[in-house]
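Next come the chains, spelled out residue by residue.
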Amino acid sequence: IKTNNTIRSEPNKTITINATLNDYQSNPINETLNATIQIKNTQIQTQFINGILTYQYKTDNKDENTTITIIINPTPYYKSTNRNITLITQRNTTYINTNTNIHATKDENITINATLNSNQKLVKGKILTIIKINQKTIKQTYFIDGILQITLPLKELYNDNYQITLKTQPTSQYQQAE
């Protein structure tokens, strides 16, 4: 059985498992043979048709590593064989780009401009974000299509130096960023 060793996917996505049959000298076997695919505790009966297997599987809605096993039972002409594939299901890593130092005086407003990126591209959609000043949550807002622009008043309750933190909430597709 010839196939990929590893398949990578995001959670809740459909992947395609492709495999071909070859003999011990790597010659293609162009026959129809019954096969079993084992994923977690499930066995799926399928076939290699003309030596080719194609099967679609929807990943779970979580980050995990799963072993997929393709099994060919013995026939009068062929020995039993199997092949493992590692399915790595993982949400995309995200990161926030913004200015690191903001200078202002008390009672002024500050504007924060930030982008939320994954794989060097802006993250599409609406991502819930919490804004903290000195570890105290002051506002919930959203990155919309990877962009956040917000104006915050600096009230008297803040010290001369403070830390502003932007923290996104994880989604089914994206990991949390801070």
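Since we're looking at a predicted model, the values are computed, not measured. (Residues numbered from 1 in each chain as written. Predicted model: local features only at pLDDT ≥ 70, side-chain atom pairs only at ≥ 80, totals over all residues. Heavy atoms only, no water.)

Points about the overall build of the protein chain
Test applied: Runs of E in the DSSP output that reach at least two residues are strands. Runs of H or I that reach at least four are helices, and both are numbered from the N terminus. With the radius of gyration taken over C-alpha atoms, the globule rule is written as 2.2 Å times the number of residues to the power 0.38. A simple rule labels every residue: compare its accessible area, found with a 1.4 Å probe on the protein chains alone, to the largest value its type can have, and call it buried under 20%, exposed over 50%, or partly exposed in between. By the convention used here, residues are in contact when the closest approach between their heavy atoms is within 4.5 Å. Here the open area of atoms and residues is found with the Shrake-Rupley method and a 1.4 Å probe, where only the protein chains shown may cover a residue. None of His or the chain ends enter the tally, which takes Lys and Arg as positive and Asp and Glu as negative. Charge coordinates come from a single atom per side chain, which is NZ of Lys, CZ of Arg, CG of Asp or CD of Glu.
For the protein chain, the count of helices and strands is zero helices and 15 strands. Taken over the C-alpha trace, the protein chain has a radius of gyration of 25 Å; the compact-globule value for 178 residues is 16 Å, which it surpasses by more than 25%. Based on the C-alpha atoms only, the size of the protein chain along its principal axes is roughly 85 × 25 × 20 Å. Of all 178 residues assigned to the protein chain, the portion counted as buried reaches 34%. In the protein chain, once contacts between residues fewer than 6 apart in sequence are set aside, the share between residues at least 24 apart is 58%. Split by element, the accessible area of the protein chain, about 11400 Å² in all, is 41% carbon and sulfur. The protein chain carries 18 positive and 12 negative side-chain charges, and their two centres are separated by 4 Å.

Considerations on the side chain of Ser 9
Inspection of the secondary structure puts Ser 9 in strand E2 (residues 6-9). The residues touching Ser 9, leaving out its near neighbours within four places in the chain, are Ile 15, Thr 59, Leu 87, Ile 88, Thr 89 and Gln 90.

A look at the nonpolar core
Put simply, the test is: To form a nonpolar core, buried Ala, Val, Leu, Ile, Met, Phe, Trp, Tyr and Cys residues must be joined to one another through side-chain atoms within 4.5 Å.
Ranked by internal contacts, the top residues of the largest apolar core, which has 20 residues, are Ile 17, Phe 48, Leu 53, Ile 68 and Ile 70. Put simply, the parts of the chain that give this core at least two residues each are strand E3 (14-20), strand E4 (33-39), strand E5 (42-48), strand E6 (52-58), strand E7 (64-72) and strand E8 (81-89). The element best represented in this core is E4, accounting for four residues. If near-sequence neighbours (up to four positions away) are discounted, Phe 48 is found in contact with Ile 1, Ala 19, Thr 20, Leu 21, Glu 31, Thr 32, Leu 33, Ala 35, Leu 53, Ile 70 and Ile 72.

Here's the deal with the sheet that holds E4
Quick note on the threshold: One requirement defines pairing of two strands: DSSP has to find at least two bridges between them. Note on definitions: angles span 0 to 180 degrees between N-to-C directions of axes, and those axes are lines fitted to C-alpha atoms, for helices only across the stretch in contact.
Taken together, the five strands give an open sheet; going across it, the order is E2-E8-E7-E4-E5, and neighbouring strands pair in mixed fashion. The open sheet terminates on both sides in strands that have one partner only, identified here as E2 and E5. This sheet shows a mean twist of 25 degrees between the axes of neighbouring strands, independent of strand direction. Taken together, the seven bridges between E4 and E5 define a ladder with antiparallel strand orientation. Bridge pairing links Ala 35 to Thr 46 in E5.

Observations regarding the side chain of Thr 141
Looking at where Thr 141 falls in the secondary structure, it is placed in strand E13 (residues 136-144). Those residues in contact with Thr 141 that lie beyond four places of it in its chain are Ile 127, Leu 128, Thr 129, Ile 131, Leu 148 and Ile 150.

Digging into the packing of aromatic side chains
What counts, and what does not: Pairing of aromatic rings covers Phe, Tyr and Trp, the last through its six-membered ring, and needs centres within 6.5 Å; plane angles under 30 degrees mean stacked, over 60 mean edge-to-face, and all others mean tilted. Here, a charge over a ring means that NZ of Lys or CZ of Arg falls within 6 Å of the ring centre while also lying within 35 degrees of the ring normal.
One pass over the structure, following the stated rule, counts zero aromatic pairs. We note Lys 126 situated over the ring of Tyr 142; from NZ or CZ to the ring centre the distance is 4.5 Å.

Thoughts on the layout of surface pockets
What counts, and what does not: Any residue with an atom within 4 Å of a point lines the site, the site being either a cavity, points on a 1 Å grid over the protein atoms alone where a 1.4 Å probe fits but cannot get out, or a pocket, an open set with protein on both sides within 12 Å along at least 5 of 7 lines. Grid points are joined across faces, edges and corners, and a volume is the space filled by probe spheres set on the points. Three residue categories are used. Nonpolar comprises Ala, Val, Leu, Ile, Met, Phe, Trp, Tyr, Cys and Pro, charged comprises Asp, Glu, Lys and Arg, and polar comprises the others, including Gly.
If you add up the space inside the second largest pocket, you get close to 220 Å³. Along the walls of the second largest pocket sit 13 residues, with Asn 22, Asp 23, Ile 29, Tyr 78 and Lys 79 positioned nearest its centre. Looking at the lining of the second largest pocket residue by residue, the class counts come to eight nonpolar, three polar and two charged.

What about the confidence of the model for the protein chain?
Note the threshold: Confidence scores here are pLDDT values: one per residue, from the predictor, ranging 0 to 100.
On average, residues of the protein chain score 89 in pLDDT, and 95% of them are at 70 or above. Ranking the elements of the protein chain by mean pLDDT puts strand E14 (residues 147-153) last, at 89, and E3 first, at 97.

Re the sheet that holds E6
Spatial strand order, E1-E3-E6: three strands in an open sheet with antiparallel pairing. Of all strands in the sheet, those bounded by a partner on one side alone are strand E1 (2-3) and E6. Examined bridge by bridge, E3 and E6 share seven bridges and lie antiparallel to one another. Residue pairing for E6: Ile 17 is matched across the bridge by Tyr 55.

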